[in-house]
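# An overview of the molecular structure
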Protein chains: 2
Amino acid sequence: MPKISQRGLRMPQSPIRKLVPYAEEAKRKGIKVYHLNIGQPDIPTAPLMLEAIKNYNVKVVEYSHSAGNESYRRKLADYYKRLNINVDYTDIMITTGGSEAINFAFLSTMDEGDEVIIPEPFYANYNSFASAAGIDVVPVTSSIQNGFSLPPIEEFEKVITARTRGIMLSNPNNPTGCLYTKDDLQELKRIIQKYDLYLFADEVYREFCYTSEKFYSVMELEGIEENTILIDSVSKRYSACGVRIGALVTRNKNVISTAMRYAMARLSPPSFGQIAGEAAIDTPAEYFETAYNEYLQRRNYLVERLNKMKGVFCPLPKGAFYTIAHLPVDDAEKFATWLLKDFNYNGQTVMLAPASGFYATPGLGKTEVRIAYVLNIEDLSHALDCIEEGLKVYPGTLIRHSKPVALSV
Amino acid sequence: MPKISQRGLRMPQSPIRKLVPYAEEAKRKGIKVYHLNIGQPDIPTAPLMLEAIKNYNVKVVEYSHSAGNESYRRKLADYYKRLNINVDYTDIMITTGGSEAINFAFLSTMDEGDEVIIPEPFYANYNSFASAAGIDVVPVTSSIQNGFSLPPIEEFEKVITARTRGIMLSNPNNPTGCLYTKDDLQELKRIIQKYDLYLFADEVYREFCYTSEKFYSVMELEGIEENTILIDSVSKRYSACGVRIGALVTRNKNVISTAMRYAMARLSPPSFGQIAGEAAIDTPAEYFETAYNEYLQRRNYLVERLNKMKGVFCPLPKGAFYTIAHLPVDDAEKFATWLLKDFNYNGQTVMLAPASGFYATPGLGKTEVRIAYVLNIEDLSHALDCIEEGLKVYPGTLIRHSKPVALSV
């Protein structure tokens, strides 16, 4: 039998999806599984998207421009302008999800063996795309104790080498819910300029910030216009994960023209998705208010309940719809697997994402899980019941054997 | 300004799309451009696909399984069974176009510096995906003089090295229209077995074969079940290029499970496209008969007219909807550019794909173009008028200065 590639074998398994077979098995046994493992909200998809698809009357579903339909890119440029992100439509490439935007950005700016610095824990698929491209992720560790706020800038500077090509951020942060401030980003700008690095920013959750401060984009930073690369997606903004439409946005013309070579190789982004994405831009403010209030209520409920559980600690996330919680268990991955394989509470269980897969440093996150608050309060309460009851009877639980873990915010 | 990656700079530009800016400029000047450069048929998309999208009633467009919807994969397995390709639905991964299937296949089976042998000329984007993955394409040259038939098997064996991991074929062939026979594939099987290589086969044009022989798939070859990897797509079969749905099909479980890691990183293939793709499987035979007859008529018309032009030679393609023609010009890329930039015939011109981009050997294909017969006979006739008139007045034409080029089939 011919061999598998070494890089294929090295590809990390998604911490979000690798337990899926256990969840499928639990469902086959008739157990109801609450999915808190994946950022798949139950919020209705923006209705204008679905309407646009129903009204899409063409005889032939053709390839589009490799950078996406011009009409869509122009509307997207208007959307960004309203957010104080001044870009031209030629600075925008429509991609197959934010995933493809990350992939194109990495391939266009980094070679095999190059390094990108990312505060950990970080969205696990950054690791996957880096691994697929032969790029090394260099982590700078943030801590649950201060709500995963941006590590001191010196920590970034310490790990810069001759191979460092950029710094990557998710803001608001997936998986931590941390929100980096304008001051944080100004700090980062200094070293971006000093070392002439790229600043990759995944800002797909910008509509979901729960503080009084206005969200500040890296695209607003002056003086590093050719260093900043924005990753965007319709998935979370319009609760349309399956549409698979994202965008790569940069004022650096060399990056756009290089990314275009990758884009041309795959011909075009999905046509149906582009129609939906373009229509979504006219989504009225009420849609976002409803979603926002819903997420805020869920967050508050989730965090309060988690912190009331013995030995559990969860900082208050300020944006997006995730949190990382510390659990009183020997190994969060074993616990998450056990919840699916060997446990149910009144015929129900919960799927969590073990946080170790969101860290690049081996051994970190072993007692943490990422929880996505993407289910309505009722479902969320059932899911939390499962966690609470599970922690009591899980063979590797620590709450019977030790004092509650002392952690402060 | 931060640097572009070396691999980005090395990425070949698509010969199919790199002249697009000139075509756009011509259109802005009011010139009608006939697109023979790209496999974008004017045949109506299979109606069941569009109906399915119109009737798609969901509240939330969710991520799907990373390998694609199970219901779709099961129906696709039935479709393959009808073609004598016996696979289970677990052998099938739904991808974002055939492009992503190629990408996943390459990354899962080859490392940087590994080699894949491909008869040239070949679909240019194989080069792009190989380049993006750091894989070297080793060409075995086929010749316009014998209709680009499969080179002798010894030619393949000659270029096998310790880094060779596979052989790739497109059958029926894009860009040549050549159709490899069962005997050809049995020959290839010998060296696939002997060297334990992968056999990657892009068979997206299987419904369009214009000989009396039944199309024979590599998946029918016995004894190399774990070596064969099938690339598929709905784009051509159902004239649905913009839908961006393809498939990676292999009975090699290690390849599927490795490809799944790449698939999980990008979460899922497009949901709308999957709905359309699943519906397409019930497309009635009449749809294919109509399309088939249309392509056959176009092919015959195109090849006859081309071969009547002074100095032009075009073999008779036996499948797909492309042909490679030799033109009496100094440089086909210059000619194709000139047609868009400096020429029009009654306010019309034509866009061709220079064939050099379909060869890996430098210097080959310089006087050849790929022509896609994707337009109706009337448009095709206007497009051919443009080629014919263009050849008379193009500054680098050879027909005024030399005898017609003598080439025999």
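Quantities reported herein were computed from a predicted structural model and do not represent experimental measurements.

## What about the overall build of chain A?
- Helices and strands together make up the secondary structure of chain A, namely 13 helices and 12 strands.
- Against the globule reference of 22 Å for 409 residues, chain A gives a C-alpha radius of gyration of 21 Å, in line with a compact fold.
- Along the first, second and third principal axes, the C-alpha set of chain A runs to 60 × 60 × 55 Å.
- Every one of the 409 residues in chain A was classed for burial, and the buried ones make up 64%.
- Across chain A, the fraction of contacts at a sequence separation of at least 24, relative to all contacts at a separation of at least 6, is 76%.
- Counting every atom, chain A has about 14400 Å² of accessible surface; 50% of that belongs to carbon and sulfur.

## Quick word on empty space enclosed by the protein
- Scanning the entire structure with this criterion turns up eight cavities of 30 Å³ or more.
- Lining the largest cavity are 37 residues, and of these Asn103 and Phe104 of chain A together with Glu100, Asn103 and Phe104 of chain B lie nearest its centre.
- Taken together, the elements giving at least two residues each to the lining of the largest cavity come down to helix H5 (97-109), helix H6 (124-132) and helix H9 (253-265) of chain A together with helix H5 (97-109), helix H6 (124-132) and helix H9 (253-265) of chain B.

## Observations regarding unusual backbone geometry
- Here asparagine 174 of chain A and proline 175 of chain A are connected by a cis peptide whose omega angle stands at 20°.
- Topologically, proline 175 of chain A is positioned in the loop between strand E5 (164-170) and helix H8 (182-195).
- Geometrically, the link from glutamate 120 of chain B to proline 121 of chain B is a cis peptide bond, its omega value of -5° lying close to zero.
- The residue asparagine 346 of chain A is not glycine, and still its phi comes out positive at about 55°.
- Tracing the chain through its elements places asparagine 346 of chain A in the loop between helix H12 (332-341) and strand E10 (348-351).
- For asparagine 346 of chain A, a relative accessible area of 67% puts it in the exposed group.

## Some points on the relation of the copies chain A and chain B
- After a rotation of 180° and a shift along the axis of 0.0 Å, chain A superposes on chain B with an RMSD of 0.0 Å. What the rotation and shift describe, once combined, is the action of a two-fold rotation axis. Judged by C-alpha distance, lysine 54 of chain A is the residue of chain A that lies nearest the rotation axis, at 2.2 Å.
- Comparing interface residues between copies, 100% of those in chain A also sit at the interface in chain B, which points to an isologous, same-surface contact.

## Describing the confidence of the model for chain A
- Here chain A shows a mean pLDDT of 95. Residues at 70 or above account for 98%.
- We note a pTM of 0.94 for the whole complex and an ipTM of 0.94 for its interfaces.

## Details of the environment of asparagine 376 of chain A
Residue and element names in this part refer to chain A.
- Residue placement: asparagine 376 occurs in the loop between strand E12 (368-372) and helix H13 (377-393).
- Owing to a relative accessible area of 28%, asparagine 376 belongs among the partly exposed residues under this scheme.
- Taking C-alpha positions, asparagine 376 is 7.2 Å from aspartate 42, a pair spaced 334 residues apart along the chain.
- Setting aside anything within four residues of it in sequence, one finds asparagine 376 in contact with Asp42, Glu294 and Arg298.

## Observations concerning the sheet that holds strand E11 (residues 353-354) of chain A
Residues and elements named next belong to chain A.
- Spatially, E9-E12-E11 is the arrangement adopted by the three strands of the open sheet, whose pairing is antiparallel. Edge strands, defined here as strands with exactly one partner in the open sheet, are strand E9 (322-326) and E11.
- Bridge count for E9 against E12 is five bridges, and the pairing is antiparallel. When the bridges of E12 are listed, histidine 326 appears paired with glutamate 368.

## Looking at the nonpolar core
- Core analysis: the biggest nonpolar cluster contains 305 residues, and Tyr80, Phe272 and Leu352 of chain A together with Tyr80, Phe272 and Leu352 of chain B have the highest contact counts within it.
- Aside from chain neighbours lying at most four places away, what touches tyrosine 80 of chain A is Ile85, Val87, Ile92, Arg206, Leu230, Asp232, Ala247 and Val249 of chain A.

## Here's the deal with the sheet that holds strand E7 (residues 228-233) of chain B
Residue and element names in this part refer to chain B.
- With mixed pairing, the seven strands of this open sheet are ordered in space as E2-E8-E7-E6-E5-E3-E4. Each edge of the sheet is formed by a strand with only one pairing partner; in this case those strands are strand E2 (92-95) and strand E4 (136-141). Sheet twist, expressed as the mean angle between neighbouring strand axes with direction ignored, is 25°.
- As paired elements, strand E6 (residues 198-202) and E7 share four bridges and run parallel to each other. Looking at the pairing, alanine 201 lines up with leucine 230 of E7.
- Helix-sheet contacts for helix H8 (residues 182-195) involve strand E5 (164-170) and E6, and the interaxial angle to E5 is about 170°.
- Contacting E2, E6, E7 and strand E8 (246-249), H9 crosses the sheet at an angle of about 25° to E2.

## A closer look at the side chain of serine 108 of chain B
- By secondary structure assignment, the location of serine 108 of chain B is in helix H5.
- Within the structure, serine 108 of chain B has its side chain in polar contact with the backbone nitrogen of alanine 259 of chain B (distance 3.4 Å).
- Other than its neighbours up to four places away in sequence, serine 108 of chain B contacts Ile4 and Ser5 of chain A together with Val255, Thr258, Ala259 and Tyr262 of chain B.

## Looking at the packing of aromatic side chains
- A full pass over the atoms with the stated rule returns 40 aromatic pairs over all chains.
- Centroid distance tyrosine 123 of chain B to tyrosine 126 of chain B: 5.4 Å. Interplanar angle 80°. Geometry classified as edge-to-face. Here tyrosine 123 of chain B and tyrosine 126 of chain B have matching classes, each one buried.
- Ring pairs connect the aromatic residues Tyr205, Phe208, Tyr295, Phe321 and Tyr322 of chain A, which therefore count as one cluster.
- In this structure, arginine 17 of chain B is placed above the aromatic ring of tyrosine 63 of chain A, and the distance from its NZ or CZ to the ring centre is 5.6 Å.

Rules and cut-offs
- Sequence order as written defines the numbering, with residues in each chain counted from 1.
- Chain labels run from A onward and ligand labels from 1 onward, assigned in the order the entries are written.
- Where totals are concerned, whole chains, interfaces and linings use all residues; where local detail is concerned, this predicted model gives features only for residues with pLDDT of at least 70, and gives and counts side-chain atom pairs only at 80 or more.
- Think of the side-chain values as coming from all heavy atoms in the structure, minus any hydrogens and water.
- Each helix corresponds to a stretch of at least 4 residues labelled H or I by DSSP, and each strand to a stretch of at least 2 residues labelled E; elements are numbered beginning at the N terminus.
- C-alpha atoms define the radius of gyration, and 2.2 Å times the number of residues to the power 0.38 defines the globule rule.
- Three labels apply to residues, based on accessible area from a 1.4 Å probe with only protein chains included: buried if under 20% of the type maximum, exposed if over 50%, partly exposed otherwise in between.
- Throughout, a contact is declared for two residues whenever any of their heavy atoms are within 4.5 Å.
- Values of accessible area rely on a 1.4 Å probe in the Shrake-Rupley scheme; residue burial ignores everything except the protein chains shown.
- Site definitions follow a grid-based scheme: protein atoms alone, a 1 Å grid, a 1.4 Å probe that fits but cannot get out for cavities, and for pockets an open set with protein on both sides within 12 Å along at least five of seven lines, plus lining residues having an atom within 4 Å of a point.
- Grid points are joined across faces, edges and corners, and a volume is the space filled by probe spheres set on the points.
- Superposition of the copies used a least-squares fit over C-alpha atoms from residues whose pLDDT is at least 70 in both.
- Here pLDDT means the predictor's own confidence in every residue, given as a number from 0 to 100.
- Note on pairing: two strands pair once DSSP finds at least 2 bridges between them.
- In this text, buried Ala, Val, Leu, Ile, Met, Phe, Trp, Tyr and Cys residues form a nonpolar core when linked through side-chain atoms within 4.5 Å.
- To define axes, lines are fitted to C-alpha atoms, for helices over the stretch in contact only, and angles between the resulting N-to-C directions are given on a 0 to 180 degree scale.
- Whenever a nitrogen or oxygen atom comes within 3.5 Å of another N or O atom, the pair is scored as a polar contact, on the condition that within protein one atom can donate a hydrogen and the other can accept it, and that pairs from neighbouring residues in sequence are kept only if both atoms are in side chains.
- Stacked, tilted and edge-to-face pairs are distinguished by plane angle, under 30 degrees for stacked and over 60 for edge-to-face with tilted covering the rest, among Phe, Tyr and Trp rings (Trp via its six-membered ring) whose centres lie within 6.5 Å.
- The criterion is that NZ of a Lys, or CZ of an Arg, lies within 6 Å of the ring centre and within 35 degrees of the ring normal, and then a charge sits over that ring.

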